[in-house]
Amino acid sequence: MPHLTSTEPSTASTDLRTGFGIPGFAHPLVAPTEWAELTRPGTPVHWAALNVADGPGTRPDPHCLEAAGRLRNAGLRVLGHLDTTYGARIFGELISEAHRYLDWYRVDGFFLDRCPSEGAALPEIHRTVTTLRAISDDPHIVLGHGTHPHPGYADSADQLVTFSGPWSDYRWSQVAEWTADHPPERFCHFVHGVPLGHLDEALRIARWQGASTIYFTDRTDHGGRTDPWETMPGYWDEIVSRVGTGVSE
């Protein structure tokens, strides 16, 4: 059982509607099965991030156009992947990439990966998010901190990724007290290296910590050498069944 800073679960956790946030499958040409699985009936997908070539690329990609179109036709959100590099990216570069995602792929919002978490960077991220909302129609904005950020970030985005990392850290993770002031649909947890035998435990932790958007996989990052999110977990059918039916108690 994880060590929590509060002994009480979120008030909304008993009726939590858990679903997947896909932080970034590999290119559809490399991972066609992964992208196709997202539109399978009954798969509880909240959104999927599209990363064409470390961003939107320099020209429309036909394989990504097809994949994004298939998801959007199925009523699923497609988010353009924007790498903020922990606040090091130039504002104009991010907005230029966002325009390309909108023009070419008609994305429904943006996933700001490697988002800074400290208070000092908050004004610049707020500026970026405000501009993203101004150039698109009601976009869904996810800030990919990977840890609990300064609570002020919750005022800018629709969702915050408050955990992204290995199961060895997640199973003993703590939840920040301020998250109790927000409903579970505001938070995402991405965990790699989760063994099948601990899947129920991982789902319980997400519920106790108040995160309704998850992505759990048995893939690992091999010490930072590989991207664990690029392929489906070996137990994909199992986790779809459990999450889709709410079996995680």
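Residues numbered from 1 in each chain as written. Predicted model: local features only at pLDDT ≥ 70, side-chain atom pairs only at ≥ 80, totals over all residues. Heavy atoms only, no water.

1. Some remarks on the nonpolar core
Line of reasoning, step 1. Judged by nonpolar contacts, the single largest core of 72 residues is most densely connected at Trp35, Leu38, Phe110, Leu143 and Phe216.
Line of reasoning, step 2. In terms of residues, this core owes the most to one element, helix H3 (residues 91-105), which gives seven residues.
Line of reasoning, step 3. When sequence neighbours within four positions are dropped, the list of residues in contact with Leu143 reads Leu112, Cys115, Ile125, Val129, Tyr153, Ala157, Gln159, Leu160 and Val161. (Core = buried A, V, L, I, M, F, W, Y, C linked by side-chain atoms within 4.5 Å. Buried < 20%, exposed > 50% of the residue type's maximum accessible area, 1.4 Å probe, protein only. Helix = DSSP H or I, 4+ residues; strand = E, 2+ residues; numbered from the N terminus. Contact = heavy atoms within 4.5 Å.)

2. Considering the sheet that holds strand E7 (residues 187-192)
By definition, the strands of a sheet pair up through backbone hydrogen bonds, in either a parallel or an antiparallel sense.
Line of reasoning, step 1. Around the barrel, which closes on itself, the eight strands sit in the order E1-E2-E3-E4-E5-E6-E7-E8 with parallel pairing between neighbours. For this sheet, the mean angle separating the axes of adjacent strands, direction not counted, is 25°.
Line of reasoning, step 2. Contacts from helix H4 (residues 122-135) reach strand E3 (77-83), strand E4 (109-113) and strand E5 (140-144), with the element oriented near 155° to E5.
Line of reasoning, step 3. Each of E7 and strand E8 (213-217) touches helix H6 (residues 199-209); the most contacted strand, E8, lies at about 155° to it. (Pairing = 2+ DSSP bridges. Axes fitted to C-alpha atoms, helices over the stretch in contact; angles between N-to-C directions.)

3. Description of the state of the cysteines
Line of reasoning, step 1. A complete count under the given rule lists zero disulfides for this structure.
Line of reasoning, step 2. Unpaired in this structure, Cys115 has its nearest cysteine sulfur neighbour in Cys188, at a distance of 12 Å.
Line of reasoning, step 3. Owing to a relative accessible area of 1%, Cys115 belongs among the buried residues under this scheme. (Disulfide = S-S within 2.5 Å.)

4. Comments concerning H3
In an α-helix, one turn spans 3.6 residues, which is why side chains three or four residues apart end up on the same side.
Line of reasoning, step 1. The end-to-end C-alpha distance of H3, which contains 15 residues, comes to 21 Å, matching closely the 21 Å that a straight helix rising 1.5 Å per residue would cover.
Line of reasoning, step 2. If you check which residues of H3 are buried, you get Phe91, Leu94, Ile95, Glu97, Ala98, Tyr101, Leu102 and Tyr105. Buried residues of H3, viewed axially, fall in a sector of 160°; they line one side.
Line of reasoning, step 3. Looking one or two places after H3, you find Arg106, whose phi comes out positive at around 50°. (Expected span 1.5 Å × (residues − 1). Arc of directions from axis to C-beta.)

5. A short note on empty space enclosed by the protein
Line of reasoning, step 1. A full pass over the atoms with the stated rule returns two cavities of 30 Å³ or more.
Line of reasoning, step 2. Empty space within the largest cavity amounts to approximately 60 Å³.
Line of reasoning, step 3. Surrounding the largest cavity, Thr84, Gly87, Ala88, Arg89, Phe91, Leu94, Glu124, Ile125 and Thr128 form its lining.
Line of reasoning, step 4. Of all the secondary structure elements, the ones that give two or more residues to the lining of the largest cavity are H3 and H4.
Line of reasoning, step 5. Ranked by residues supplied to the lining of the largest cavity, first place goes to H4 with three residues. (1 Å grid on protein atoms, 1.4 Å probe; cavity = no way out; pocket = protein on both sides within 12 Å on 5 of 7 lines; lining within 4 Å. Points joined across faces, edges and corners; volume = space filled by probe spheres on them.)

6. Observations regarding the side chain of Thr179
Line of reasoning, step 1. Tracing the backbone through its elements, the reader meets Thr179 in the loop between helix H5 (167-170) and E7.
Line of reasoning, step 2. By relative accessible area, which is 7% here, Thr179 ends up buried.
Line of reasoning, step 3. When sequence neighbours within four positions are dropped, the list of residues in contact with Thr179 reads His148 and Phe187.

7. Brief notes about the pairing of E7
Line of reasoning, step 1. Across the six residues that make up E7, a large majority, six, are buried.
Line of reasoning, step 2. Of the two faces of E7, the one holding Phe187, His189 and Val191 and the one holding Cys188, Phe190 and His192 are both buried throughout.
Line of reasoning, step 3. Pairing between strand E6 (residues 159-166) and E7: six bridges, direction parallel. Of the residues in E7, the one forming a bridge with Gly165 is Val191.
Line of reasoning, step 4. The pairing of E7 with E8 spans five bridges and is parallel. Bridged to Cys188 within E8 is Thr213.
Line of reasoning, step 5. Read from E7 through H6 to E8, the crossover connection turns out right-handed. (Right-handed = clockwise from strand over helix to strand, strands pointing away.)

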